[in-house]
Every structure is written in C-alpha cells, then in structure tokens.
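Geometric and topological summary
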Amino acid sequence: MRLRKPHIIIKTIEQLEGIRESGKRNIEILDTVAQKIQAGMTTEEVDRIVYETTKRLGGIPAPLNYQGFPKSVCTSVNSQVCHGIPSEDVILKEGDIINVDVSTIYNDYFSDSSRMFCIGNVSEEAKKLVEVTKEAMIEGLKQVYPGNCFGTMGNAVHKYALQHGYTVVRQIGGHGVGIEFHEEPYVSFVSKAGTGAVFQPGMVFTIEPMVNQGTDEIYIDGNNNWTVYTMDGKLSAQWEIMVAVTEDGYEVMAY
Ligand code: MF3
Ligand code: CO
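What comes next is a walk through the structure. What you see is a predicted model, and the numbers here were worked out from it, not measured in a lab.

Some thoughts on the overall build of the protein chain
The number of helices and strands found in the protein chain is four helices and 15 strands. Against the 2.2 N^0.38 benchmark of 18 Å for 255 residues, the protein chain shows a C-alpha radius of gyration of 17 Å, consistent with a compact globule. Split into buried and exposed, the 255 residues of the protein chain put 56% on the buried side. Carbon and sulfur atoms make up 50% of the accessible area of the protein chain, which totals about 11,400 Å².

As for the site of ligand 1
For ligand 1, the set of nearby residues contains 14 residues, the closest of which are D101, H175, H182, E208 and E240. Within the contact set of ligand 1, a nitrogen atom lies 3.0 Å away from a side-chain nitrogen or oxygen of D101. Here a nitrogen atom of ligand 1 and a side-chain polar atom of S103 are 3.4 Å apart. Here ligand 1 loses 95% of its free accessible area of 330 Å² to cover by the protein chains. Partitioning the shell around ligand 1 into residue classes produces six nonpolar, four polar and four charged.

Description of the sheet that holds strand β10 (residues 210–212)
Working definition: the strands of a sheet are paired by backbone hydrogen bonds and lie parallel or antiparallel to each other. On the basis of which strands lie adjacent, the open sheet formed by three strands has the order β6-β10-β13 and antiparallel pairing. Here the strands that pair on one side only, and so sit at the sheet edges, are β6 (167–168) and β13 (236–238). One ladder, built from three bridges, connects β10 with β13; its direction is antiparallel. What sits directly across from N212, in β13, is S236.

Thoughts on unusual backbone geometry
Of the consecutive residues E184 and P185, the connecting peptide bond is found in the cis state with omega at 0°. Summarising the element assignment, P185 is placed in strand β8 (residues 183–187). In this structure, H83 takes a positive phi of about 60° despite not being glycine. Secondary-structure assignment places H83 in the loop between β3 (80–82) and β4 (97–106).

Topic: the coordination of the cobalt ion (ligand 2)
Distances from the cobalt ion (ligand 2) to its protein donors, D112 (OD), H175 (NE2), E208 (OE) and E240 (OE), fall at 2.1 to 2.3 Å. The site at the cobalt ion (ligand 2) holds six donor atoms, and with the angles between them running 53 to 157°, its shape is irregular. Donor residues for the cobalt ion (ligand 2), ordered by position in the chain, follow D-x62-H-x32-E-x31-E. Of this pair, H175 sits in strand β7 (residues 174–176) while E208 sits in the loop between β9 (204–207) and β10, and the two are 33 residues apart along the sequence. The exposure classification of H175 matches that of E208, with both residues buried.

Calculation rules
Residues numbered from 1 in each chain as written. Chains lettered and ligands numbered in written order. Predicted model: local features only at pLDDT ≥ 70, side-chain atom pairs only at ≥ 80, totals over all residues. Heavy atoms only, no water. Helix = DSSP H or I, 4+ residues; strand = E, 2+ residues; numbered from the N terminus. Rg over C-alpha atoms; globule rule 2.2 N^0.38 Å. Buried < 20%, exposed > 50% of the residue type's maximum accessible area, 1.4 Å probe, protein only. Areas by Shrake-Rupley, 256 points an atom, 1.4 Å probe, with all protein chains shown as cover. Near = heavy atom within 4 Å. Polar contact = N/O pair within 3.5 Å; in protein donor to acceptor, adjacent residues only side chain to side chain. Nonpolar A, V, L, I, M, F, W, Y, C, P; charged D, E, K, R; others polar. Pairing = 2+ DSSP bridges. Donors = N, O, S within 2.8 Å, 3.2 Å for Na, K, Ca; no water. Tetrahedral: all angles 85-135°; square planar, octahedral: opposite > 155°, others 65-115°.

Quick look at the structure:
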C-alpha cells in the first residue's frame, strides 16, 4: 500500500525547486571528489570525502543504510558495473577507471548522479569506453522533450553504444527520483523506440546507462549481495545525470 506519497510522477513547482537544491549539493559533492581522487587513495577515503562533504552541505548520503547498503557512496572500479562498496582494501592505482555514484537527501528531496574518473594515465581503450559512455548518455538526453517517450530515449543510448562496439547492461537501468530515491518509472537503456511512457513537464528521472566493453552479461557478488560485475571480466563504465522534463525540453538537475 502506498498512501503516503501518491502521484509523484509529475512534480509540482515547489518539489522541482527542492530537487534542484538537492541536485546542486550532489554536484558539489562530485566536484569535491573530482578534485581529490587520485592513485594511492582507497575507495574508503572516497566514501569519507562524500560523507563529510554531504554533511557540511547539510545533506544526508542517500545510499547509507539504504536496503542495507553499508556506505555513503557506490565506487565501482574497472569490471565492477555498479554498486561497488567502498573499502580500505581497494586502493586506486594508475590506469584504473572508477564510477563514483553520489546520491543526496537534502531537505527531504533526493538527487542522484555519477561520473567516471580516470586514475592517472589509462589505456586508450579504457578512455574510449569512458568517453563513449558519456556521449551515449548525452544522445539519450537529446531525446528528452514533451511528447517524445522513454523507449526512444533509451534506444538512442543503446544504438550509440552498439555503433561503437559496446554493449549495454539490460537488467539495471534508471528511475524516477526526487521525492524518493527510486520512483517509477523504471528507465531502460535497451528499449524499443516508440515505446514506454510519454515525457511530460515535471517528470524527474535519471539517465544512467552501464556500458560494457565485452558481453552485456553480469553477475552479483555472492559475498556482499550488492556489487555487480561483468561476466567476462572486461571493463564497464557508467555516467548518470538527473533530468527534469520542461515545457520545451529538459533541465539537468545533477550531473
Ligand atoms: N545510486 C544508485 C542509482 O543510481 C543506487 C545505489 S543503491 C545503493 O540508482 F544502495 F547501492 F546505494
Ligand atoms: Co540512479
């Protein structure tokens, strides 16, 4: 039963303003990570930066204790697809690629976005995966305007990744966000054009494709029941933006 927060797919002006303010903090937290992340640092230290910056800005890290998640941020390195758990044992080294996925609760409003970071000099193939994944997300973004639909957006992301020789994870996607961490609709990045819900002003959701170098097959770590890996051990990358549908297109609320 959902009695508390019904009809949340279209946000009010007031809710949009609250989500926007949350998103500004999410951006500042990621900017702080970007300034500090480097080889030799553990992902536990990345977690500490996120926790402390979030607190300083008056927010709460949304991942912390979310469905039992033990840390304040997801840090997914190389063949980790998503939901990497920060640890003292994971030391970033030159050549690694890492996704840092930050989600913030500010004044009860949720925001969610993630970026890739290249640690020192990375291989050409890793750099290309990171760049193409970001471009794929932007291809999706261009499809966000009233009257277009989620399926066409996801299909644009998928097509772009496939054209560059990559695959897109099928079982995990984006989501509505703002009043809660994860709201309807589920947002696929392997969808068919012309399908799914129609974009309407006031919707807020994430575009967050996970793009793989090799197979799209994945598995979940049986020890922590969180971290997702590529089945073939090849690299995976992800970028995530939080967008609102406006009268004539979109507004990026966190990136
Ligand atoms: N931030 C992720 C997303 O983009 C969700 C992570 S759930 C967590 O949807 F519990 F692992 F934080
Ligand atoms: Co998300």
